[in-house]
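Now for the letters of each chain:
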Amino acid sequence: MGKIIFIEHDSTEHVTQFDEGATLMQIAVDNAVPGIDGDCGGECACGTCHMIVSDEWFEKTGKVGDAEEQMLSMTPERARTSRLGCQVQTTKAMDGMTVQLPEFQM
Amino acid sequence: MINKNKEVTVIIGGGHAAGTLLTALLQKKYPHKVVMVSEELHPPYQRPPLSKNYLAGEVDKASLYLKPPSIYEKAGQELQLGVRVEKINRDDKSLILSDQSTLKYDQLVLATGSHVRRLNVRGSDLKGIHYLHGIEDTDALRRELVPGKRLVIVGGGYIGLEVAASATKQGVKVTVLEAAERLMQRVTGPEISEFLYAKHTSAGVDVRLGAAVIGFESDDQGCVNGVTLADGGKVSADIVLVSIGVIPETALAENAGLLCDDGVVVDEFTRTDDPDILAIGDCTRHHNLFFDKRQRLESVANAVEQARTAAATLMSEEKPYDSPPWFWSNQYDVRLQMVGLSQNHDQRVLRGSILDKEFAVFYLCLGHVIAVDAVNFPVAFMVGKQLVKLRKSVSAEVLSNPNIELKSLI
Ligand SMILES: Cc1cc2nc3c(=O)[nH]c(=O)nc-3n(C[C@H](O)[C@H](O)[C@H](O)COP(=O)(O)OP(=O)(O)OC[C@H]3O[C@@H](n4cnc5c(N)ncnc54)[C@H](O)[C@@H]3O)c2cc1C
Ligand code: FES
């Protein structure tokens, strides 16, 4: 168990509890965080789970996969620390992480 | 107990569309009481994994649920599970439920989805013949997928092919019988069909095209042990999966006198011809602004978009449904993403390499991109989505030229 904080584009904060192993997308969706739809259920097929991890936590989220990179390269709000939430499996090391949500999804 | 002071919005059905609507309403802080009535025993869940990673045993049941059930409860939404709506009485705005109770509604949303098309031939009620629509269907099929067994899949659409891929990986001997001359004929062009044919064949699947099933054979226990084809051929089987499409679930709506035409007819705001009744998802035929015609779609994208549109309509926001349809399928290491509808194309353009399993087919009509099918090529899918949405005209030379970046086209 740990905490992940999702911050909406309008600065609304959602402090969520997570069990390690769940993806960031799943945590956001399970907590009905607005702005994360996860329409394809985590298949890296829809691009509706774009999140921007805060700088200091980015390293901990692991490698960006090839399909994920291609999807991310198409979002206008792409940042250096962008991830598709469904491709990030949470670990204990992510306890306390903050994640920014973009204004729009793809 | 339903609060008498509030209006009551009832959702009939508990699938992907209903679940997305519940979430959209709670996110919009919808002020009215919401009750969902579903004949299934599960809270709203996603079906795509049923022929993909849930069938393969890679994810558990709880991960199929769109939301943990407690979310709805916390938001004051009421889920009545395992209960069927038998009748809609539009005169007094009430529903008759299978447990004999009555439920009043102020606004009603039909999200009844679709049911599988049955194959009615000799022997079609034998034991061992499966269909795939709900969690229990996948559980039952999975139990029988034992290495060495022979599975015959009737229908070479995406569900049949996904099961073929998954079962083959598990050591099951798979035969796919497709009546048409190519795989997934209804939704894609010949390049993708041929690519998938080669993929399945090389994985060891026996794919037979132009193979029409006219009957099932039985052993002396009443279990299916073979399939008979129109050309007189026979295929032995231990397990059969019939996957030949779905039929929209419109009986309730039809009996209530709502306008139906192979789907409950709705406009771009998901409204039926009764101002107090909306309909969303697989059960509808909607006025598609994008194609400017009535369209029936069977996809998650359509279910969620219509659900979000319905939430806006219920909140008295005018937000029409106006986006091109899209779809995905996973088979082996093939990640297929499709956008638009390709049926009316007059030109096809290939980009990338079929050999390297990374390519896309752009479908053009009068010079405009109307659809894209991308194989392991997410950029082509994402660019395609924009091109289709913007109804862009792009020449075949440009689309196929590897020196012109796809991203530069939007
Ligand atoms: C195996 C499988 C794989 C799929 N894969 C994909 C995919 O990869 N990508 C994709 O985009 N789409 C896929 N789909 C299609 C997608 O799942 C459907 O388009 C989607 O589920 C439609 O949602 P819906 O809510 O409209 O209908 P459904 O999900 O069918 O839900 C309808 C619900 O209403 C209930 N109901 C019906 N009548 C009544 C009544 N009278 N009273 C109470 N309850 C009632 C039903 O029991 C059901 O729970 C797949 C479907 C299946 C079966
Ligand atoms: S949920 Fe669809 S890409 Fe992440």
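By the naming in an unreviewed UniProt entry, chain B is Pyridine nucleotide-disulfide oxidoreductase, taken from Alcanivorax profundi. Taken directly from UniProt, the Cofactor (unreviewed entry) text for chain B runs: "FAD".

Going by what an unreviewed UniProt entry lists, chain A is known as 2Fe-2S ferredoxin and is assigned to Alcanivorax profundi. For chain A, the Cofactor (unreviewed entry) comment in UniProt is given as "[2Fe-2S] cluster". UniProt annotates chain A under Sequence similarities (unreviewed entry) with the comment "Belongs to the adrenodoxin/putidaredoxin family."

Asks: Help me understand the nonpolar core in this model?
Replies: Proteins that are soluble and globular tend to have nonpolar side chains buried together. Core analysis: the biggest nonpolar cluster contains 57 residues, and Ile4(A), Phe6(A), Phe362(B), Val369(B) and Leu399(B) have the highest contact counts within it. Mapping this core onto the domain boundaries places at least three of its residues in each of domain 1 (8-115 + 247-314) and domain 3 (333-409) of chain B. Not counting the four nearest positions on each side in its chain, Leu399(B) is found in contact with Val349(B), Arg351(B), Phe362(B), Leu364(B), Val369(B), Leu387(B), Val394(B) and Leu409(B).

Asks: Would you explain the domain arrangement of chain B in this entry?
Replies: Much of the literature gives interface size as the accessible area that the parts lose upon coming together. Residue and element names in this part refer to chain B. What the domain assignment lists for chain B is domain 1 (8-115 + 247-314), domain 2 (129-244) and domain 3 (333-409). The C-alpha-based centres of domain 1 and domain 3 are spaced at 33 Å. Between domain 1 and domain 3, the contact holds five residues from the first and four residues from the second. Between domain 1 and domain 3, the buried area comes to about 390 Å², and carbon and sulfur atoms account for 67% of it. The tally of links between domain 1 and domain 3 comes to zero salt bridges. Looking at the side of domain 1 that touches domain 3 residue by residue, the classes come out as four nonpolar, one polar and no charged.

Asks: Help me understand helix 1 (residues 16-27) of chain B, please; the structure alone is not making it clear to me.
Replies: Given 3.6 residues per helical turn, the α-helix brings residues three or four places apart onto the same face. Residues and elements named next belong to chain B. For helix 1, spanning twelve residues, the distance from its first C-alpha to its last is 17 Å, which sits close to the expected 16 Å at 1.5 Å a residue. Buried residues dominate helix 1, accounting for ten of its twelve residues. Those residues of helix 1 not exposed but buried are His16, Ala17, Ala18, Gly19, Thr20, Leu21, Leu22, Thr23, Ala24 and Leu25. Turning to helix 1, the residues buried within the fold contact strand 1 (8-12), strand 2 (33-38), helix 2 (70-74), strand 3 (78-81), strand 7 (107-110) and helix 7 (300-314). Residue Lys29 follows helix 1 closely and has a positive phi angle near 55°.

What counts, and where the lines are drawn
Residues numbered from 1 in each chain as written. Chains lettered and ligands numbered in written order. Predicted model: local features only at pLDDT ≥ 70, side-chain atom pairs only at ≥ 80, totals over all residues. Heavy atoms only, no water. UniProt positions renumbered as here; feature names shortened; annotations may be inferred. Core = buried A, V, L, I, M, F, W, Y, C linked by side-chain atoms within 4.5 Å. Buried < 20%, exposed > 50% of the residue type's maximum accessible area, 1.4 Å probe, protein only. Domains from an automatic or database assignment. Contact = heavy atoms within 4.5 Å. Buried area = accessible area lost by both parts, 1.4 Å probe. Salt bridge = Lys/Arg side-chain N within 4 Å of Asp/Glu carboxyl O. Nonpolar A, V, L, I, M, F, W, Y, C, P; charged D, E, K, R; others polar. Helix = DSSP H or I, 4+ residues; strand = E, 2+ residues; numbered from the N terminus. Expected span 1.5 Å × (residues − 1).

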